Amino acid sequence: MSKYLHGPSTVVIAVGSDAVGEAVLDAVERWSFPSPVTSDIVSAAAATDTDPAVEGVVVADRASALDRLADDESVGCLVVDDTLADPVECVAAATDRHPDLPVVVYAADGDESLASAATRAGAFAYLPRPSDPAVSTHETLLETVAEALTTHDRRYRAATDSDMFDAVLSELELPIYVKDERARHLKIADVHGAPSPAEAVGKTDWELYSWDEEAKVEALGDDRLVIDEGEEIRDREERHGPPEAGRWLRTTKVPWRDGDRTRGLVGVTLDVSDEKRQIRDLRAQNRRLDDFTSFVAHDLRNPLHVAMAYQEFAREGDPEAAERVSDALDRMAELVEDVSELAASGGTAPAPVGGVEVGSFLQVVWDEVATAAATLEIDLPPETVLYTNRLQLKPLFENCFERCLERGGPDVTVRVGSTDDGFFVADDGPPVPDDEREELLEAGYSAAATGADLAIVAEVADTHGWDLRIGESRAGGARLEFGNVLLVTDPDPLPGTGRARPLTTGRDVGQVLNAGESSHDESVDRWTLRAAGDNLLGRVNEFHFRWASIRGSCRVEARLDGLDAPGDRSKAGVMLRDDASESATFGYIGRTGDGRTEVCWRTARGEPTRAQLLESGERNFEWFAVERTGDRVTVFVSPNREEWHAVDQRSVDLGDPVCGGLAACSTMIGAYCEATFDHVSAVELDGE
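Computed from a predicted model, the values in this text were never measured in an experiment. (Residues numbered from 1 in each chain as written. Predicted model: local features only at pLDDT ≥ 70, side-chain atom pairs only at ≥ 80, totals over all residues. Heavy atoms only, no water.)

Peer 1: Describe the overall build of the chain, with residues and values.
Peer 2: Counting its regular elements, the chain contains 16 helices and 35 strands. A burial count over the chain gives 50% of its 688 residues as buried. The long-range fraction of contacts in the chain, counting pairs at least 24 apart against all pairs at least 6 apart in sequence, stands at 66%. A total accessible area of about 31800 Å² is found for the chain, and carbon and sulfur atoms account for 47% of it. (Helix = DSSP H or I, 4+ residues; strand = E, 2+ residues; numbered from the N terminus. Buried < 20%, exposed > 50% of the residue type's maximum accessible area, 1.4 Å probe, protein only. Contact = heavy atoms within 4.5 Å. Areas by Shrake-Rupley, 256 points an atom, 1.4 Å probe, with all protein chains shown as cover.)

Set out below in structure tokens:
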């Protein structure tokens, strides 16, 4: 029978006299006790107004009494008679081991010394026993026992409720907290993404969190509104941190009341950043689906027009016209096949590991859309690769080239080259007026001077997370510049060996709330990083870093053996960094909590960190490397350490020496991620 549902139902009677024991037991079992359950909800649900009956149990000594209390949860009161050999010691032992259990002392009338000693030992009540127990109804004792059972139920229920609430806080990963009337934390769940109870208890949000001052003021104001005015806050969503690296929180706070008095508040704050990101991604995907029909129609329009224009000539037997119609139909069939592949992959077909070889790819696209008099100049090394999917890349260059032809005429010269963080497409046609450059990227915009819109180009760039700027080319025409692109002009790793440098220094970078640590297990040559930190994005650089000081051309590589991550955007990988300050330049590659490969850069001191997530299909890379030659930094992935694939390369303002090593960041306030690395090396390379 559940004590929580039905209340205490047993009274233990510790007595040295058989006659007294039998008399008291008989009185207990004859008495009609009211239900001891003090919870109206439980009482109504369990129908415990008169049931169950209270049972009496007689024991003859202290040891038997204590054993019964330990073994029987249903006990709600202990009666100790002074005929017991050691009544005061029995009271003291029972109250010490079971502080919520009321102990009633039943003794011969007038023993003031026993009454005083029993009270000091923790007795609930001291009652005089009638001189002839056999003829007494023991009504006063029974009424006191009934009160004791109710008192015990109240104490037991409060302790059990507290235990249940503690289990919710510690086991269910729900970020619940309780604050007092001064908005200080009294209880807080021990969950990923929140400060530990030891750190939080006794502190307000102002003292606890590293939010900006405006956010702290707002949070404290919300607390005061709930506590002072009794108003509830439900499902309020707010962003904390900078736009590029902050997180969305959804908060509910309600008053904690004790009768008419408000004692504080109870709240729950959920990190809904992933949910917001999924909603944003879904909206973007829906937007792309809405544009899909116009996207396909645009790509099919030109070959369809060619086929329609030449079909009559072909019917009349013109072989050149027939060939043009055949080429146009082949082009449409190819487009349909490409679109089918893209649709089957959900619109995000993974890039090949080695990326797209840009030079040959550009020439193929150019030959399909250009006139005979137009010229394409590819100002890129032949080995240049662009890490993306060619199905998504082809429409971008087709539309760029078509716009150049429309703007510059049939004899236009188009030039494609690299920038510090991407590539450009430029022509020698008329310039784009400053006031039309933004509008040119919007769907449906068209002007006689500039030709049709570049909405498809802007859409593809946005899908990839690329920056797109319109400027003026060296020849005076238009220049489309794409930044934050995974582009490599020299994809081969540096040859040769070098001098290994030990990873001697470990510390947190930035204002990390919870200190991280790093350690090395020499027996298996494995590094472990336990890291907190808010993010490695935008102007926020908070993470744990373990590094070696290395000079000149250098390389850091490692296998990320495991990542215990509290969030999808937690990260761990390898890094080359100018120094350990938060504003330092760096290049980084590693894995995120959801298993994707991520590249992060800060190419000039103090600038925002840029990041790119790689679409790698079903392959989650374990091997990562970052390499420096002069001011050029290249990042690599490998499935097996034998074949390395360069995925991005940028010019980074680095001094000499630099810090090269391992980095990890939880991206969840108050939570840790744990990353383990093996085959770690930081090497100063001998030659190129």
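Peer 1: Help me get a handle on the environment of Ala584, residues and values and all.
Peer 2: When you line up the elements, Ala584 lands in the loop between strand 27 (571–577) and strand 28 (586–592). Each C-alpha atom of the pair Ala584 and Ala604 lies 7.9 Å from the other, and the pair is 20 residues apart in sequence. In this view, Ala584 contacts Arg577, Asp578, Asp579, Arg602 and Arg605; residues no more than four positions away in its chain are not counted.

Peer 1: Can you explain a negative patch on the surface? Please cite residues and give values.
Peer 2: A surface patch of like charges, here negative, comprises Glu316, Asp318, Glu320, Glu323, Asp327 and Asp330. Looking at the secondary structure, you find Glu320 in helix 13 (residues 319–344). (Patch = residues over 30% accessible without salt bridge, like charges linked within 9 Å, V, L, I, M, F, W, Y side chains within 5 Å. Salt bridge = Lys/Arg side-chain N within 4 Å of Asp/Glu carboxyl O. Lys, Arg positive; Asp, Glu negative; His and termini not counted. Charge placed at Lys NZ, Arg CZ, Asp CG, Glu CD.)

Peer 1: Any chance you could break down helix 7 (residues 139–171) for me, citing the residues and the numbers?
Peer 2: An ideal rise of 1.5 Å per residue puts 48 Å on 33 residues; helix 7 measures up with 47 Å between its terminal C-alpha atoms. Backbone geometry just downstream of helix 7 places Glu173 in the positive-phi region, at approximately 55°. (Expected span 1.5 Å × (residues − 1).)

Peer 1: A description of the packing of aromatic side chains should follow, citing residues and the corresponding values.
Peer 2: One pass over the full model with this rule turns up 10 aromatic pairs. For the pair Phe361 and Phe397, a centre-to-centre distance of 6.4 Å together with 70° between the ring planes defines the contact as edge-to-face. Of this pair, Phe361 sits in helix 14 (residues 358–369) while Phe397 sits in helix 15 (residues 390–408), and the two are 36 residues apart along the sequence. On the accessibility criterion, Phe397 (1% relative accessible area) is buried. Ring geometry for Trp366 versus Phe401: centroids 5.2 Å apart, planes at 85°, classification edge-to-face. Taken as a pair, Trp366 in helix 14 and Phe401 in helix 15 lie far apart in primary sequence, 35 residues in all. Here the aromatic residues Phe361, Trp366, Phe397, Phe401, Phe423, Trp466 and Phe482 are joined through ring pairs into a cluster of three or more. Lying over the aromatic face of Tyr156, Lys3 brings its terminal NZ or CZ to 4.6 Å of the ring centre. Directly above the ring of Phe424 sits Arg479, whose terminal nitrogen or CZ lies 4.0 Å from the centroid. (Phe/Tyr/Trp six-rings, centres within 6.5 Å; stacked < 30°, edge-to-face > 60°. Lys NZ or Arg CZ within 6 Å of the ring centre and 35° of its normal.)

Peer 1: Explain the sheet that holds strand 18 (residues 487–488) residue by residue, including any values.
Peer 2: One open sheet accounts for 3 strands, arranged 11-13-18; its pairing is antiparallel. Looking at which strands have only one partner, the edges of the open sheet turn out to be strand 11 (356–357) and strand 18. Where strand 13 (residues 385–386) and strand 18 come together, 2 bridges link them in antiparallel fashion. Pairing of Leu386 across the sheet is with Leu487, part of strand 18. (Pairing = 2+ DSSP bridges.)

Peer 1: I'd like a rundown of the pairing of strand 34 (residues 658–665), residues and numbers included.
Peer 2: Within strand 34, 8 of the 8 residues are buried, which leaves it mostly tucked inside the rest of the structure. Relative to strand 34, strand 25 (residues 543–550) runs antiparallel, the two being bridged by 7 bridges. When the sheet's bridge partners are listed, Arg546 is paired in strand 34 with Leu662. Summarising the sheet, strand 27 and strand 34 pair through 7 bridges and their orientation is antiparallel. Each residue of the ladder has a partner; that of Val574, found in strand 34, is Leu662.

Peer 1: Hey, could you go over the nonpolar core for me, with residue numbers and the actual values?
Peer 2: Ranked by internal contacts, the top residues of the largest apolar core, which has 38 residues, are Leu396, Phe397, Phe401, Phe423, Val425, Trp466 and Phe482. Within the residue set of this core, elements represented by two or more residues are helix 14, helix 15, strand 14 (413–419), strand 15 (422–427), helix 16 (455–464), strand 16 (467–472) and strand 17 (478–483). Broken down by element, this core gets its largest block of residues, 7 residues, from helix 15. Beyond its immediate chain neighbours, meaning those up to four positions away, Phe482 contacts Leu396, Cys400, Thr419, Asp421, Gly422, Phe423, Val425, Val457, Ala461, Trp466, Asp467 and Leu468. Grouped together as the second largest cluster of nonpolar side chains are 36 residues, Val574, Trp601, Val637 and Cys673 included. (Core = buried A, V, L, I, M, F, W, Y, C linked by side-chain atoms within 4.5 Å.)

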